[in-house]
Amino acid sequence: MRDLQPIFLVQGFLLTTLGLAMALPALIDFADQAVDDPFMSLAAQESWIGFAVSAMLTLFVGMSLLASAWGQGGQLTRKQAFLLTTVSWVVLVAFAALPFVFSSIHLNYTDAFFEAMSGLTTTGSTIITDLERASRGIKMWRSLLQWLGGIGIIVMAIAVLPMLQVGGMQLFRLESSDTSEKILPRATQIAGSITALYFALTAICAGAYWAAGMNLFDSLAHAMTTIATGGFSTHDLSIGYFESPPVEVIAIVFMIVGSLPFALYIHAVRGNPLPLLRDSQVLCFFGIVATAIGLLTLYQLSTSEIANGEALRSSAFNAVSIITGTGYASTDYSAWGPFAIFAFFAMMFIGGCAGSTSCGIKIFRFQIIYGAVKVQVSRLMHPHGIFKISYNGEPVSEKVVDSVASFFFLFFASFAILSVLLATMVDDPLTAFSAAGTALANVGPGLGSVGPADNFFHLSDGAKWLLSLGMLLGRLELFTVLVLFSPTFWRI
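In this numbering scheme, every chain counts its residues from 1 along its sequence in written order. In view of the model being predicted, local features appear only for residues whose pLDDT reaches at least 70, and side-chain atom pairs are presented and counted only at 80 or more, with totals across whole chains, interfaces and linings using the full set of residues. Excluded from the side-chain calculation are hydrogens and water; included are all heavy atoms of the structure.

### Digging into the overall build of the protein chain
Elements are defined by DSSP. Helices are runs of H or I of four residues or more, strands are runs of E of two residues or more, and each kind is numbered from the N terminus. If you tally the helices and strands in the protein chain, you get 21 helices and two strands. For the radius of gyration, the atoms used are the C-alpha atoms, and the globule rule reads 2.2 Å times the number of residues raised to 0.38. Against the 2.2 N^0.38 benchmark of 23 Å for 492 residues, the protein chain shows a C-alpha radius of gyration of 22 Å, consistent with a compact globule. Residue burial in the protein chain is summarised as follows: out of 492 residues, 55% are buried. Whether two residues are in contact is decided by their heavy atoms: any pair within 4.5 Å suffices. The long-range share in the protein chain, meaning contacts at least 24 apart out of those at least 6 apart in sequence, stands at 72%. The protein chains shown are the only cover counted for residues, whose accessible areas, like all others here, come from Shrake-Rupley with a 1.4 Å probe. A total accessible area of about 20700 Å² is found for the protein chain, and carbon and sulfur atoms account for 68% of it. For the charge count, each Lys or Arg is scored as positive and each Asp or Glu as negative, with His and the chain ends excluded. Here the site of a charge means atom NZ of a Lys, CZ of an Arg, CG of an Asp or CD of a Glu. If the 22 positive side-chain charges of the protein chain are averaged to one point and the 29 negative ones to another, these points end up 17 Å apart. Residue burial is assigned from relative accessible area. The probe radius is 1.4 Å, only protein chains are included, and a residue is buried under 20% of its type maximum, exposed over 50%, and partly exposed in between.

Put into structure tokens, the structure is as follows:
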């Protein structure tokens, strides 16, 4: 039990923070009791009470854990760090689901857990079928979950995963021996700087949305989910509800902003933008985005009578949304035709850059694998030659290459297993494959009956629990979760 005290301490702090966060949607619904619409007034009244009850339960457990483990902190061991990472996300989701159960939408716990997991992992899949009738507090809670999950994954990717050497993330280790590569002297300072930047970018995005015609509530809610590349909207039609080119352009810009390495933003803010402009991962990301937009635009122009500008607009918005894992939709792109279906299915696996709020396999892993293949081909052609894999001009160790290769194998093995299991629960293979892919890649909408014009409500409870596991695996980079199922882990 003493080994678990640091974990209890962190859990207590996180749950206390989550409980306090419930105050914002509770206050919104409390104020909305006075609206003229009788239905919305009743929904707000029921929801604010639900938030109050959920907050009290969450705060009670969180503060109890804090009290029991106070003064028991210290340097985490590797084993504790693995356990803490997975347990934190599961526990937070379990309590974040409570407002969905106690509010006016009255979800059962399976649906509530799925919605909360989708929120905190910034996936964006939803089971809520009529958002227009949900209270504003519920809508804000969904956005707030994704916003909290977005900053959580940035800090984890920069401070925790490199230490655990998960999936090649040790490339981004803070304790680099080259002090010139250190952004700030301590990880806590980096986390603080990134959090401040995260707040600032959210405020700028909200202001841009408001200037483009959104009301203040929609502006703030969508800013939270855009910067977090989460994709929850306050409307059933997502961004398509607004039918506004300026809103879509703003969304494209800030989805891309959320998909670039936040650590490099700190360099830029401190007067050195060159690392951001020269980073090979960033340049490759923009190349992939531009290629996808170009191909989809040409495909639309060749298969329909759509205007040039409209083809570019819809292709750019939806391609960026899927590649970054945000999951907004401006139209039902699954109706564009076979090539588009294949393209969007492939794009959902790509993801953004490491150290961002984005998801998926991530660009740097594709670069490492490409480098490994290139080196292997060179060795076959020149057996006596010496070839090294490099990343950003620096040599990459075999340990990193092995870690990335293992991640690829484990990712697609998990995808195959999840797809097969889902195929036994749904009638449409495309739905099963895309649901598995969108869960592991934390994208949001899939294809088939879980496409951008539908949601996940109709799936069985078993499928929703499987997809919740898939979302957790994808967000925590697979190894972090699966290592807990190894008997060796518990013996060390």
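Following the structure, the description resumes.
### Overview of empty space enclosed by the protein
Both cavities and pockets are sets of points on a 1 Å grid over the protein atoms alone; in a cavity a 1.4 Å probe fits but cannot get out, in a pocket the set is open with protein on both sides within 12 Å along at least five of seven lines, and lining residues sit with an atom within 4 Å of a point. Grid points are joined across faces, edges and corners, and a volume is the space filled by probe spheres set on the points. Scanning all chains against the criterion turns up two cavities of 30 Å³ or more. Here the second largest cavity is characterised by a volume of approximately 30 Å³. In terms of lining, the second largest cavity is formed by I153, A157, M169, G355, S356, S358, K362, R475 and E477. Of the residues contributing to the lining of the second largest cavity, the split by class is three nonpolar, three polar and three charged. Note that Gly is not counted as nonpolar here; it falls among the polar residues with everything else outside the nonpolar set of Ala, Val, Leu, Ile, Met, Phe, Trp, Tyr, Cys and Pro and the charged set of Asp, Glu, Lys and Arg.

### Section: the pattern of salt bridges
For salt bridges, the criterion is a side-chain nitrogen of Lys or Arg within 4 Å of an Asp or Glu carboxyl oxygen. Tallied over the full model, the rule gives seven salt bridges. Among the ionic pairs, D32 bridges to R136, the shortest N-O distance being 2.8 Å. Placement of the pair is D32 in the loop between α2 (23-31) and α3 (38-69) and R136 in helix α7 (residues 136-164), with a sequence separation of 104 residues. Of the residues examined, D32 reaches a relative accessible area of 10% and is grouped as buried. Here R136 falls in the partly exposed class, since its relative accessible area comes to 33%. The shortest N-O distance in the salt bridge between E477 and K362 comes to 3.2 Å. Taken together, the residues span a long stretch of sequence, with E477 in the loop between α19 (461-475) and α20 (479-482) and K362 in the loop between α15 (338-347) and α16 (363-381) at a distance of 115 residues. Taken as a pair, E477 and K362 share a single burial class, namely buried.

### Side note on unusual backbone geometry
With a phi close to 55°, T122 is a non-glycine residue in the positive phi region. Considering the arrangement of structural elements, one finds T122 in the loop between α6 (109-120) and α7. Positive phi, normally seen in glycine, also occurs at S238, with a value near 55°. Relative to the helices and strands, S238 resides in the loop between α9 (216-227) and α10 (245-258).

### A look at the packing of aromatic side chains
When two rings of Phe, Tyr or Trp (its six-membered ring) have centres within 6.5 Å they constitute a pair, described as stacked for plane angles under 30 degrees, edge-to-face for angles over 60, and tilted for the intermediate range. Within the structure shown, the criterion is met by 23 aromatic pairs. Plain terms: the ring middles of W336 and F344 are 5.7 Å apart, the flat faces sit at 65° to each other, and that makes the pair edge-to-face. Since its relative accessible area comes to 16%, W336 is described here as buried. Any Lys NZ or Arg CZ found within 6 Å of a ring centre and within 35 degrees of that ring's normal is scored as a charge over the ring. Above the ring of F232, the side-chain terminus of R142 is found at 3.9 Å from the ring centroid. The ring centre of F407 lies 3.8 Å from the NZ or CZ of R365, which sits over that ring.

### Re the packing of α6 against α19
To get an axis, a line is fitted to the C-alpha atoms, and for a helix only the part in contact is used. The angle between two axes follows their N-to-C directions and goes from 0 to 180 degrees. Across the interface, α6 lies against α19 with an axial gap of 10 Å and an inter-helix angle of 25°. Overall, the two elements α6 and α19 adopt an arrangement that is roughly parallel. Judged by the twist between their axes, the crossing of α6 over α19 is left-handed. Contact with α6, carried on its side by Y109, T110, D111, F113, F114, M117 and S118, involves D461, K464, W465, L467, S468, M471 and L472 of α19 and no other residues of that element. Of the residues belonging to the contact of α6 with α19, the class tally is eight nonpolar, three polar and three charged. The cut-offs work like this: below 35 degrees is roughly parallel, past 145 is roughly antiparallel, 65 to 115 is roughly perpendicular, and the gaps in between are oblique. For any pair of crossing helices, the crossing counts as left-handed if the nearer helix is rotated counterclockwise from the farther one by less than a right angle, and right-handed if it is rotated clockwise.

### Remarks on the environment of Q300
Within the secondary structure layout, Q300 lies in helix α13 (residues 280-303). For Q300, the contacting residues outside a window of four places in its chain are I306, A311, S314, S315 and W336.

### Comments concerning the state of the cysteines
The criterion for a disulfide is a pair of cysteine sulfur atoms lying within 2.5 Å. The final tally for this structure, using the stated rule, is zero disulfides. Free cysteine: C205, not disulfide-bonded; nearest cysteine sulfur from C359 at 17 Å. Assessed through its relative accessible area of 0%, C205 is described here as buried. Distance from the sulfur of C359, which forms no disulfide, to the nearest cysteine sulfur (C353) is 12 Å.

### Description of the confidence of the model for the protein chain
Confidence of the predictor at the level of single residues is captured by pLDDT, which takes values from 0 to 100. For the protein chain, the mean per-residue pLDDT works out to 89, and 95% of the residues sit at or above 70. Contacts of residues 175-185 to residues separated by more than four positions or lying in other chains number 12 contacts, the stretch itself having pLDDT below 50.

### Some points on the nonpolar core
Here the nonpolar core consists of buried residues drawn from Ala, Val, Leu, Ile, Met, Phe, Trp, Tyr and Cys, with membership extended through side-chain atoms lying within 4.5 Å. L18, W141, Y209, M347 and L422 are the most contacted members of the largest nonpolar core, which has 147 residues in total. In terms of residues, this core owes the most to one element, α7, which gives 14 residues. Filtering out sequence-adjacent residues up to four positions away, L18 remains in contact with T58, L92, F95, A96, W141 and L145.

### Some words on the packing of α13 against α15
Contact pair α13 / α15: the axes reach a minimum separation of 10 Å and the direction vectors enclose 165°. Accordingly, the angle class assigned to the pair α13 and α15 is roughly antiparallel. The crossing of α13 and α15 is left-handed. Contacts from A292, L295, L296 and Y299 in α13 reach P338, F339, A340, A343, F344 and M347 in α15. When the residues that make up the contact of α13 with α15 are grouped by side-chain class, the tally is 10 nonpolar, no polar and no charged.

### Considerations on α6
Helix span, expected: 1.5 Å multiplied by one less than the number of residues in the helix. With 12 residues, α6 ought to run about 16 Å at 1.5 Å a step, and its terminal C-alpha atoms sit 16 Å apart, in line with that. Summarising burial for α6: 11 of the 12 residues are buried, a large majority. Of the residues making up α6, those classed as buried are T110, D111, A112, F113, F114, E115, A116, M117, S118, G119 and L120. Its buried side turned inward, α6 meets α4 (78-96), α5 (98-102), α7 and α19. At the N-terminal end of α6, a side-chain oxygen is found 3.1 Å from the backbone nitrogen of T110, two or three residues along, and the residue is N108. Following α6 by one or two positions, T122 has its phi on the positive side, about 55°. Polar contact criterion, stated in full: a pair of N or O atoms within 3.5 Å, where within protein one must be able to donate a hydrogen and the other to accept it, and residues adjacent in sequence count only if both atoms are side-chain atoms.

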